[in-house]
Amino acid sequence: MSVVIAPTAVVDPKAKLGKDVRVGHFCVIGPDVTIGDRCRIEDHVTITGVTRLGNDNQVFSHCSIGSHPQDVSYRATPTRVEIGDGNVFREQVTINRASEKEDGVTRVGNQNYLMTGTHIAHDCNVGNRIVMANNCMIAGHAHIHDDVTIAGGAGIHQFVSVGTLAFVGAMSRILQDVPPYVIIEGYDAKPRCINTVGLKRHDYTEDDIAVLTQAFRLLYRQRIGIEPSRVEMFKTGPIRPVLRHLFDCLETTCGGRAGRGRDRRKKAA
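Residues numbered from 1 in each chain as written. Predicted model: local features only at pLDDT ≥ 70, side-chain atom pairs only at ≥ 80, totals over all residues. Heavy atoms only, no water.

Trainee: Any chance you could explain the sheet that holds strand 8 (residues 46–47) here in plain terms?
Mentor: What links the strands of a sheet is backbone hydrogen bonding, and the strands pair in either a parallel or an antiparallel sense. An order of 2-5-8-11-14-17-20-23-26 is seen for the nine strands of this open sheet, with the pairing classed as parallel. Of all strands in the sheet, those with a lone pairing partner are strand 2 (10–11) and strand 26 (173–174), marking the two edges. (Pairing = 2+ DSSP bridges. Helix = DSSP H or I, 4+ residues; strand = E, 2+ residues; numbered from the N terminus.)

See below:
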């Protein structure tokens, strides 16, 4: 199937376009861009830098993908953006290429839905099946794990990790890691409860939900501490994988700085 490029689009001849790609009016596609099969690039989209899109992605108007990171230390090195398959990027989404401070790649996985005005900063790692509502702001080096939902206007601090199946409420300010399976919200964001609806939608069992709810009560209602909560939960019956994953993530968070596990404390000289 042939590629269709609107007459007003500017596509560098070195760019690599897959089968059945559509490029709309007034788009700019740079020389180091690779676009997979059946992608739809709507009008007024700019894709630059060393950027790779997988198959079946839809990029709506006025998106910018692959531009320089908003980092004053960046020196125009050929860092990259890598995007998987089946994503939808609504109007005015911005995804910046990486800095030189990690492995040089900003990553977005598969089957994500990023709504209008969402920003993915440099060096972020965005997983699969994630929904970000309008105007979400994901700062540099953040990791967003699979099946997360982030409501409109939420701001994620740099180096924060948001755990699997977490739900972040609208307008929340997230300064610390978000544990998996929880709902968190607020200007000074706090865990509110287990994301029971999300867990059921993803076919987690009633036993999984029950042990997570019990652990949540110990951690965030009784506040007896991570290690005492772990001991209490692990001594009662089989240790379910969701429970182990929750406490492993909390342990990682405690090893970081200011509640961000990936923001490691520097060793004393």
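The discussion continues.
Trainee: Please explain the side chain of H119 as it appears in this structure.
Mentor: Positionally, H119 belongs in strand 17 (residues 119–120). Here H119 falls in the buried class, since its relative accessible area comes to 18%. If near-sequence neighbours (up to four positions away) are discounted, H119 is found in contact with Q70, T94, N96, C136, M137 and I138. (Buried < 20%, exposed > 50% of the residue type's maximum accessible area, 1.4 Å probe, protein only. Contact = heavy atoms within 4.5 Å.)

Trainee: Is there a simple way to explain helix 2 (residues 206–221) in this structure?
Mentor: For an α-helix, 3.6 residues make a turn, and residues three or four places apart therefore share a direction. Look at helix 2: 21 Å from first C-alpha to last across 16 residues, which is about the 22 Å you get at 1.5 Å a residue. Looking at helix 2, one finds that the buried residues are D208, I209, V211, L212, A215, F216, L218 and L219. Elements in contact with the buried residues of helix 2: strand 27 (182–185), strand 28 (190–194), helix 1 (196–201), helix 3 (226–234) and helix 4 (241–254). Where helix 2 ends, the next residue or the one after it, R223, has phi of about 55°, a positive value. (Expected span 1.5 Å × (residues − 1).)

Trainee: Which parts of the structure should I look at to understand unusual backbone geometry?
Mentor: Working note: non-glycine residues mostly have negative phi, and peptide bonds are mostly trans. Positive phi is not limited to glycine here, since D123 has a value of about 65°. By the secondary structure assignment, D123 is in the loop between strand 17 and strand 18 (125–126). A relative accessible area of 3% places D123 in the buried class. Phi angles above zero are rare outside glycine, and R223 is one such case at about 55°. The residue R223 is located in the loop between helix 2 and helix 3 in this model. For R223, a relative accessible area of 65% puts it in the exposed group.

Trainee: Help me understand the packing of aromatic side chains, please; the structure alone is not making it clear to me.
Mentor: For any pair of aromatic rings, the description consists of the separation of the ring centres together with the inter-plane angle of the planes. According to the stated counting rule, one finds three aromatic pairs in the structure shown. Ring geometry for Y181 and Y204: centres 6.0 Å apart, planes at 65°, overall edge-to-face. Taken as a pair, Y181 in the loop between strand 26 and strand 27 and Y204 in the loop between helix 1 and helix 2 lie far apart in primary sequence, 23 residues in all. Classification of Y181 by relative accessible area gives buried; the value is 4%. Its end group placed over the ring of F60, R90 keeps NZ or CZ at 4.1 Å from the ring centre. Against the face of Y187 rests R173, its NZ or CZ located 4.1 Å from the ring centre. (Phe/Tyr/Trp six-rings, centres within 6.5 Å; stacked < 30°, edge-to-face > 60°. Lys NZ or Arg CZ within 6 Å of the ring centre and 35° of its normal.)

Trainee: When you look at the sheet that holds strand 27 in this model, what are you seeing that I'm missing?
Mentor: Here we have 11 strands laid out as an open sheet, ordered 1-4-7-10-13-16-19-22-25-27-28, and mixed in their pairing. Two strands close off the open sheet at either side, each with one partner strand: strand 1 (4–5) and strand 28. Sheet analysis places strand 4 (residues 22–23) next to strand 7 (residues 40–41), joined by two bridges and oriented parallel. Across the sheet, R22 pairs through a bridge with R40, a residue of strand 7. Helix-sheet contacts for helix 2 involve strand 27 and strand 28, and the interaxial angle to strand 28 is about 155°. (Axes fitted to C-alpha atoms, helices over the stretch in contact; angles between N-to-C directions.)

Trainee: I keep staring at the environment of C136 and nothing clicks. Help me out?
Mentor: With respect to the helices and strands, C136 occurs in the loop between strand 19 (131–132) and strand 20 (137–138). Among the residues examined, C136 registers a relative accessible area of 0% and is labelled buried. For C136 and I209, which are 73 residues apart along the polypeptide, the C-alpha to C-alpha distance reads 28 Å. When neighbours within four sequence positions are excluded, C136 is seen to be in contact with G117, T118, H119, I150, A151, G153 and A154.

Trainee: What is the right way to look at the packing of helix 3 against helix 4 in this model?
Mentor: Geometry of a packed helix pair, given as the angle between the helix axes and the separation of the axes. Helix 4 packs onto helix 3 with a crossing angle of 165° between their chain directions and a minimal axis gap of 11 Å. Judged by the inter-axis angle, helix 3 sits roughly antiparallel to helix 4. Both helix 3 and helix 4 take part in a crossing whose hand is left-handed. Note on element contacts: helix 4 touches helix 3 through L243, R244, F247, D248, L250, E251 and C254, opposite I226, S229, R230, M233 and F234. Broken down by class, the residue content of the contact of helix 3 with helix 4 amounts to seven nonpolar, one polar and four charged. (Parallel < 35°, antiparallel > 145°, perpendicular 65-115°, else oblique. Left-handed = near helix turned anticlockwise from the far one by under 90°. Nonpolar A, V, L, I, M, F, W, Y, C, P; charged D, E, K, R; others polar.)

Trainee: Would you take a moment to explain the packing of helix 2 against helix 4 for this structure?
Mentor: Helix 4 packs onto helix 2 with a crossing angle of 30° between their chain directions and a minimal axis gap of 9 Å. Considering the angle they form, helix 2 stands roughly parallel to helix 4. From helix 2, D208, V211, L212, A215, L219 and Y220 reach across to helix 4, where they touch V242, L243, L246, F247 and L250. Its residues placed into classes, the contact of helix 2 with helix 4 shows 10 nonpolar, no polar and one charged.

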